[in-house]
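Examination of the molecular architecture
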Amino acid sequence: MKEKIRIFLDTDLLEKYLIGTTTLEESQQVERYIAMYPEVRKTYNELQENLETFAKIHAIKAPEGLKAKIMQRIKTENAGRRKFRRYAIAASIAAFIFAGSSYFFWDQSQNLQDENAIVNNKIKNLELDMKEQLEDVRNQFIVLNNPQTKKYVVKGNKKAKELKAVAYINPVKKLSYINVQNLPNLPENQCYQMWAEVNGEMVNLGVLKNVGDKDKLWPLPYAKDAIGYITIEPQGGNDTPTVQNIVANIKY
């Protein structure tokens with residue numbers, strides 16, 4: 001029985017259930033285990049408390065003016081529909097008076113349809129962005145709370161002695177993140193950039209920004225025997241890493 005419970009807890013079903021991404025069958029299984037086994041119920045309660053704390057720390061702030069922009073889009077779309085109905089009625093009357101005017105109203109209709117399509121595409125893109133951010137928060141939560149996650153302290157070399165970072169690697173879930181806690185100051189014309197050598201290829205992970213957020217986790221691409229690097233590059237970043245300017249690395 002204990003082995004059965006251990007196997008269940010080693011999965012990420014509890015985490016998925018908390019986030020709301022389980023299937024109906026998975027949800028029923030989780031609820032059954034929570035009701036039947038005190039160990040599972042205790043773990044679930046702990047994860048729930050951790051998720052609440054984690055959500056407060058990593059709350060995704062909606063872009064400023066987002067609500068106003070969406071309301072404006074809705075008003076524009078509704079106004080466009082009302083305008084379309086007026087044009088349609090006018091076109092029907094004008095058709096009896098002057099056949100050539102029908103083209104004008106058809107063109108207006110096409111413009112309104114194009115505008116509506118643009119608004120709908122922007123809303124869809126916003127939904128996709130939020131979905132990706134939610135998935136990233138879910139993965140961070142799993143990595144930080146999974147007992148199989150390995151923690152590696154990363155220190156800078158003599159070029160950046162004050163650099164401090166912590167990498168979190170989970171070989172079971174195949175997820176990895178790094179928390180950069182401190183970076184020494186650089187001249188204005190330089191910046192820190194992060195890279196990962198994965199399956200023999202160098203992957204550009206971008207310029208390190210907003211390091212003042214001590215809780216921020218940067219995703220690392222997971223692979224067997226991968227290596228992460230932090231380098232000093234010209235302001236704005238580089239297409240390839242400057243090898244002689246490597247200030248820290250982590251094998252994971």
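See the structure printed just above.
Here's a quick rundown of the structure. What you are looking at is a predicted structure, and each value in this text was computed from that prediction instead of being measured.

Time to look at helix α3 (residues 24–36). The end-to-end C-alpha distance of α3, which contains 13 residues, comes to 18 Å, matching closely the 18 Å that a straight helix rising 1.5 Å per residue would cover. Turning to α3, its buried residues number three or more, namely Ser 27, Val 30, Tyr 33 and Ile 34. Down the axis of α3, the smallest arc covering the buried residues is 130°, so these residues share one side. Along α3, the residues that are exposed and aim more than 90 degrees away from the buried face are Leu 24, Glu 25 and Ala 35.

As a rule of thumb, non-glycine residues mostly have phi less than zero, and peptide bonds are mostly trans rather than cis. Its identity as a non-glycine residue notwithstanding, Asn 199 has a phi of 50°, on the positive side. Judged by relative accessible area, Asn 199 falls into the exposed class, the value being 68%. With a phi angle near 60°, Asp 225 is a residue other than glycine that sits in the positive phi range. Among the secondary structure elements, Asp 225 is positioned in the loop between β6 (218–220) and β7 (227–234).

Let's shift gears to the nonpolar core. With 24 residues, the main nonpolar core has Tyr 192, Leu 208 and Ile 230 as its most contacted residues. Those residues in contact with Ile 230 that lie beyond four places of it in its chain are Leu 163, Tyr 192, Gln 193, Met 194, Leu 208, Asn 245, Ile 246, Val 247 and Ala 248.

Time to look at the environment of Leu 217. Looking at the secondary structure, you find Leu 217 in the loop between β5 (201–207) and β6. In this structure, Leu 217 is in contact with Gln 140, Leu 144, Tyr 168, Tyr 177, Ile 178 and Asn 179, ignoring residues within four places of it in sequence.

Read across the open sheet, the four strands follow the order β1-β2-β3-β6; overall the sheet is antiparallel. Lying at the two open borders of the sheet, with one neighbouring strand each, are β1 (150–155) and β6. On average, each strand axis in the sheet is tilted by 25° relative to the strand beside it, whichever way the strands run. In this sheet, β6 lies alongside strand β3 (residues 175–182) in antiparallel orientation, the contact comprising three bridges. The residue bridging Tyr 177 from the neighbouring strand is Pro 219, located in β6.

Turning our attention to the sheet that holds β5. As summarised here, the arrangement of the four strands in space is β5-β4-β7-β8, forming an open sheet in which the pairing is antiparallel. Every interior strand has two partners, whereas the edge strands, β5 and β8 (246–251), have only one. Averaged over neighbouring strand pairs, the angle between their axes works out to 25° when direction is ignored.

Under the defined criterion, the tally for this structure stands at three aromatic pairs. With a centroid separation of 4.2 Å and 10° between ring planes, the pair formed by Phe 8 and Tyr 33 is classed as stacked. Here Phe 8 is found in helix α1 (residues 2–10), whereas its partner Tyr 33 is found in helix α3, with 25 residues between them in sequence. Given a relative accessible area of 5%, Phe 8 falls into the buried group. Chaining the aromatic ring pairs together yields one cluster made of Phe 8, Tyr 33 and Tyr 37.

The subject of this paragraph is the side chain of Asp 12. With respect to the element layout, Asp 12 can be found in the loop between α1 and α2 (13–19). Overall, the relative accessible area of 19% leaves Asp 12 in the buried class.

Cut-offs used in this document
- Residues numbered from 1 in each chain as written.
- Predicted model: local features only at pLDDT ≥ 70, side-chain atom pairs only at ≥ 80, totals over all residues.
- Heavy atoms only, no water.
- Helix = DSSP H or I, 4+ residues; strand = E, 2+ residues; numbered from the N terminus.
- Expected span 1.5 Å × (residues − 1).
- Buried < 20%, exposed > 50% of the residue type's maximum accessible area, 1.4 Å probe, protein only.
- Arc of directions from axis to C-beta.
- Core = buried A, V, L, I, M, F, W, Y, C linked by side-chain atoms within 4.5 Å.
- Contact = heavy atoms within 4.5 Å.
- Pairing = 2+ DSSP bridges.
- Axes fitted to C-alpha atoms, helices over the stretch in contact; angles between N-to-C directions.
- Phe/Tyr/Trp six-rings, centres within 6.5 Å; stacked < 30°, edge-to-face > 60°.

Worth remembering: the numbers are spatial, not functional.
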